[in-house]
Amino acid sequence: MSTDTDPDPVRNWKNWHERRVAAVSAPHGPLSLTGTHWLSDYPEGRIPAVPGVWRDRGDEVSVTAAAGDGITVDGRPLTGEAVLTADRGPIDESRVAHGGRRLVVMRREGLWAVRDFDPDSPARRAFVTVEATPYDDRWVLPGRFRPYAESRTVRVENADGRERGLGLAGELAFSVDGTEHRLQVAVEPDGSLWAVLADGTSGLTSYRFRFLRPSPPAPDGTVTVDLNRVLLPPCAFAEHFICPLPPPGNTLPFELPAGERNTVSR
């Protein structure tokens, strides 16, 4: 079996692609998300199709359940009230469950929501694979990360139509056919980069935008930009995700026939 240290880049890419297909189709992967329910939309605390009573307590969320609701918290049946904060670990380790479902508490810009991950979701049942272009070494490019003097936040539209802040830490520069291109990027907690981008195929032969997650740059800022590994965002698998759209300037002025393109369902 190939690994990321395999000297053969084609085998490396195939293994990466297989892992991605397995991850998105896992029982609590993105295909299982059936709803993102903002508590501000349900002031009475009753979320349709989600058991219990959920309330915004400012810096916390409370859920109240009776024995018949079938809710568990930390693996134990809940009868009464539990106080929760945002889940930050893997979905299948979320504190609240209802049978095989995971009820994940999240917060965005001060607003609380509950996400419902159901392994029996229609999207997961219908999923076949992720359409992706085979590896092409043309799209493995030397790049350089140029950090901003200070991080900045821009307001961008999200997949649900609302505007939210997107934090950006610098620019990723690379050249294609002798022309330099730049993407505004965020820096993840592990030091890796994250870009939201579109290109000439977006909305045509690929999803309307995609993600790129290069490895952490070297101390001098150099980084490999492997466009064979552009990713579909979570909202390509379930409409209930709130992925950010590309910030201004992150639409590449050429067609990028590489990486993940679309989902395939039966």
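Described below are features of the structure shown in this document. (Residues numbered from 1 in each chain as written. Predicted model: local features only at pLDDT ≥ 70, side-chain atom pairs only at ≥ 80, totals over all residues. Heavy atoms only, no water.)

Counting through the fold element by element, His-37 comes out in strand β1 (residues 33-38). For His-37, a relative accessible area of 15% corresponds to the buried category. Sequence-distant contacts of His-37, that is, excluding residues within four places in its chain, are made with Tyr-42, Ile-47, Pro-48, Val-50, Trp-112, Ala-113, Val-114 and Asp-116. (Helix = DSSP H or I, 4+ residues; strand = E, 2+ residues; numbered from the N terminus. Buried < 20%, exposed > 50% of the residue type's maximum accessible area, 1.4 Å probe, protein only. Contact = heavy atoms within 4.5 Å.)

A word on the sheet that holds strand β11 (residues 140-157). One open sheet accounts for six strands, arranged β15-β14-β13-β12-β11-β16; its pairing is antiparallel. Either end of the sheet is taken by a strand with one partner, and the two such strands are β15 (210-212) and β16 (222-226). Averaged over neighbouring strand pairs, the angle between their axes works out to 45° when direction is ignored. By the bridge criterion, seven bridges tie strand β12 (residues 163-176) to strand β13 (residues 179-187) in an arrangement that is antiparallel. Opposite Val-176, over in β13, you have Thr-179 as the bridge partner. (Pairing = 2+ DSSP bridges. Axes fitted to C-alpha atoms, helices over the stretch in contact; angles between N-to-C directions.)

Let us now look at the pairing of β13. A loop of two residues connects β12 with β13, the two strands running antiparallel in sequence, and Asp-177 in this loop sits at a positive phi of about 50°. Here two bridges tie β13 to strand β14 (residues 193-197), and the two strands are oriented antiparallel to one another. Pairing of Ala-186 across the sheet is with Trp-194, part of β14. Linking two consecutive strands that pair antiparallel, namely β13 and β14, is a turn of five residues; a positive phi of about 95° is found at Gly-191 within it.

Purely geometric numbers; function is a separate question.
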